[in-house]
Amino acid sequence: MLDKAEGVAVVDLALSKRHKAGHVPGAWFAIRSRLAQAVEKLPAGTTQIVLTSEDGNWARLAASELRGAGVAGVPGTPELALLAGGNSAWRAAGLPLEAGIPHPLDVVDDAWFTPRERQGDITQHMSDYLDWEVKLLTQLGQDPDNRFRLVRQPAHA
């Protein structure tokens, strides 16, 4: 398996919800827009990075970006490879999957998880969500980039 090969790191660029549902065992989760910084966090001794994404397209684009940034795929950096067909092909081949996000290279902030999808105390997650909702209008009012304005309707007589 890919996760057992010495010096090989599989980096999955699928959305976190898809990664959490099932990914190549041992794959690291990363967000494509911050991939150049994320690969620097891979274990020392990584000699090859295998990029994958849901259908392989994001991985192909990311490989080009990593080469351009000089982080991988150029002399003196880890080699780059792509998982042909991406995670979809892996699943279709009936290969094993690992659930969860046990190996994040980055903050998992690409998707919002409902309190039911989060692990831990559901009551606390629900309370946090309601607290966020209550504070939202105040936060929007304080954000200088916000172009939405609350329009108060006059009370009807």
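Right, let's walk through the structure included here. (Residues numbered from 1 in each chain as written. Predicted model: local features only at pLDDT ≥ 70, side-chain atom pairs only at ≥ 80, totals over all residues. Heavy atoms only, no water.)

**Focus: the environment of P104**
Here P104 lies in the loop between α4 (86-92) and α5 (122-142). Of the residues examined, P104 reaches a relative accessible area of 39% and is grouped as partly exposed. Once the C-alpha coordinates of P104 and G76 are considered, the two residues, 28 residues apart in sequence, prove to be 25 Å apart. When residues no more than four places from it in sequence are discounted, the contact partners of P104 are W28 and F29. (Helix = DSSP H or I, 4+ residues; strand = E, 2+ residues; numbered from the N terminus. Buried < 20%, exposed > 50% of the residue type's maximum accessible area, 1.4 Å probe, protein only. Contact = heavy atoms within 4.5 Å.)

**Re the pairing of strand β3 (residues 48-52)**
A large share of β3 lies buried, amounting to four of its five residues. Summarising the sheet, strand β1 (residues 8-12) and β3 pair through five bridges and their orientation is parallel. If you follow V8 over to β3, its bridge partner there is Q48. The pairing of β3 with strand β4 (residues 79-82) spans four bridges and is parallel. Looking across to β4, one finds that I49 is bridged to L80. With respect to chirality, the unit in which β3 leads through helix α3 (residues 57-69) into the neighbouring parallel β4 is right-handed. (Pairing = 2+ DSSP bridges. Right-handed = clockwise from strand over helix to strand, strands pointing away.)

**Things to note about the sheet that holds strand β2 (residues 28-29)**
What the four strands build is an open sheet, ordered β2-β1-β3-β4; its pairing is parallel. Each end of this open sheet is capped by a strand with a single partner; those strands are β2 and β4. Strand contacts of α3: β3 and β4, with the helix running at about 165° to β4, the strand carrying the most contacts. (Axes fitted to C-alpha atoms, helices over the stretch in contact; angles between N-to-C directions.)

**Structural notes on the nonpolar core**
Among the nonpolar cores identified, the biggest contains 18 residues, and V11, L35, I49, L51 and L66 are the most heavily contacted of them. When residues of this core are traced back to their parent elements, those giving at least two are β1, α2 (35-39), β3 and α3. Among the elements that line this core, the one with the most residues is α3, at four residues. In this view, I49 contacts A9, V11, V39, L42, A72, P78, E79, L80 and A81; residues no more than four positions away in its chain are not counted. Listed in part, the six residues of the second largest apolar core include V10, V24, A27 and V50. (Core = buried A, V, L, I, M, F, W, Y, C linked by side-chain atoms within 4.5 Å.)

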